[in-house]
Each structure stands twice: as structure tokens, then as C-alpha cells.
Amino acid sequence: MSILGVVLSTLRNKTQASELKRNDSGISMINHKFPYIVKRDEFAYARHNLVDAELVMFGAGYDWTSSHRSGSRFAPAAIRKESYWGMEEYSPYFEEELSSLPLHDLGDIEFLSGNKEDSLNRIRSTVKELSDQNKIPFMIGGEHLVSFPAIEVLSQKYPELK
């Protein structure tokens, strides 16, 4: 299923803004609620602020435990870049445009190289905070392991995920 399909079906199945600070490299750091998030490029169709959005995208470019070839850590940046140049915006299945969704791009979780447990905790904390704000977390990028902490947190709120 395409990214558009996943986003639309996520919203269809749905049963405080943080301050931004700019550092010297031009990367926005979000403080308070999301201390591990860095903001570089945004997803083209993420046109809502955090308060108004229902669906919040964030990157989890982690691939340090890949058993074959690494590189999935670059997926969040590649997906965002492609959203400007090659992504279909309209879904004939849902008869809806991606730009009509209440979507916000939070940024990417910044991981410490080689520290698996800390990395998984950063995902847990991001998903928990979004869930506590009644947002739908939409994680992109990374190896398969990144799904585990997200599902672990969300299954506490939605037991049918177990």
C-alpha cells in the first residue's frame, strides 16, 4: 500500500504545541515534550500545526541492528524529498487528496549511534507523548525493529493491537 493509502486508512480507522528553537546549523530543535526531535525538511503535504493535526508524522531512521544491508536510516529524508517531486497526492480508492488530511510533520528522532535501548526508549517516549495528546503517530523510516516500541506503547491504549 502506498504512503497515501496508509495515511488515509489510518485516519479512516481512527475509533500544545511545543516551541521551536533554531540552532546554528539551521536545524530546529523541539524542546519540552519532544526533546529528541530534530526538524530538517518537511513532508510536502504536512500543512497543519501540531495542535490542529490529528495525524503526526515523525522519522525514526534507525538501522544499527540490521542483519543485512544498512541504509533504512535514510528513509525519512528520502520519503520527505520524494513528497515534493514524485508522490501521487490523490487516492482514487479513498477519493481524497493527501493535502486535505490534518497532518503535521514533527521531524526526526535523533538517535545515539550504537545505543539500541536508548533509541527504542526515544521512540517509546515520542509515541507515548503523541498518544497522550490524542494524536495518531505516523512513523516513517528505519528498520523493522522501530515498530516494536511504537506497538508496545500503543497496545496499552488500544489492547486490540496485541
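This structure is a prediction, so every number in the text was calculated from the model and none was measured.

1. Points about the pattern of salt bridges
And then number 1: Applying the stated rule across the entire model yields seven salt bridges.
And then number 2: Here arginine 80 and aspartate 105 are joined by a salt bridge, their closest N and O atoms 2.6 Å apart. Here arginine 80, found in helix H2 (residues 75-85), pairs with aspartate 105, found in strand S7 (residues 103-109); they are 25 residues apart in sequence, far enough to count as distant. The two residues arginine 80 and aspartate 105 agree in class, both being buried.
And then number 3: The partner of arginine 124 in a salt bridge is glutamate 117, and the shortest N-O contact between them spans 3.4 Å.
And then number 4: A relative accessible area of 18% means that arginine 124 is categorised as buried.
And then number 5: Judged by relative accessible area, glutamate 117 falls into the partly exposed class, the value being 43%.

2. Considering the packing of aromatic side chains
And then number 1: Scanning the entire structure with this criterion turns up three aromatic pairs.
And then number 2: Ring geometry for phenylalanine 43 against tyrosine 45: centres 5.9 Å apart, planes inclined by 70 degrees, an arrangement best described as edge-to-face.
And then number 3: With relative accessibility at 9%, the residue tyrosine 45 sits in the buried group.
And then number 4: Aromatic side chains tyrosine 93 and phenylalanine 94 sit 4.8 Å apart centroid to centroid with 85 degrees between the ring planes, which places their arrangement in the edge-to-face category.

3. Examining a nonpolar patch on the surface
And then number 1: The grouping of Ile151, Tyr158 and Leu161 at the surface amounts to a nonpolar patch, some 260 Å² of accessible area in total.
And then number 2: As for its placement among the helices and strands, isoleucine 151 is situated in helix H4 (residues 147-157).
And then number 3: The class for isoleucine 151 is partly exposed, based on a relative accessible area of 44%.

4. Description of the confidence of the model for the protein chain
And then number 1: Confidence along the protein chain averages 80 in pLDDT terms, with 80% of residues attaining 70 or more.
And then number 2: The least confident element of the protein chain is strand S1 (residues 20-22), whose mean pLDDT is 40; the most confident is strand S4 (residues 55-59), at 95.
And then number 3: Every residue in residues 14-31 is under pLDDT 50, and counting partners more than four places away or in other chains gives 41 contacts.

Rules used throughout
- Residues numbered from 1 in each chain as written.
- Predicted model: local features only at pLDDT ≥ 70, side-chain atom pairs only at ≥ 80, totals over all residues.
- Heavy atoms only, no water.
- Salt bridge = Lys/Arg side-chain N within 4 Å of Asp/Glu carboxyl O.
- Helix = DSSP H or I, 4+ residues; strand = E, 2+ residues; numbered from the N terminus.
- Buried < 20%, exposed > 50% of the residue type's maximum accessible area, 1.4 Å probe, protein only.
- Phe/Tyr/Trp six-rings, centres within 6.5 Å; stacked < 30°, edge-to-face > 60°.
- Patch = residues over 30% accessible without salt bridge, like charges linked within 9 Å, V, L, I, M, F, W, Y side chains within 5 Å.
- Areas by Shrake-Rupley, 256 points an atom, 1.4 Å probe, with all protein chains shown as cover.
- pLDDT = per-residue confidence, 0-100.
- Contact = heavy atoms within 4.5 Å.

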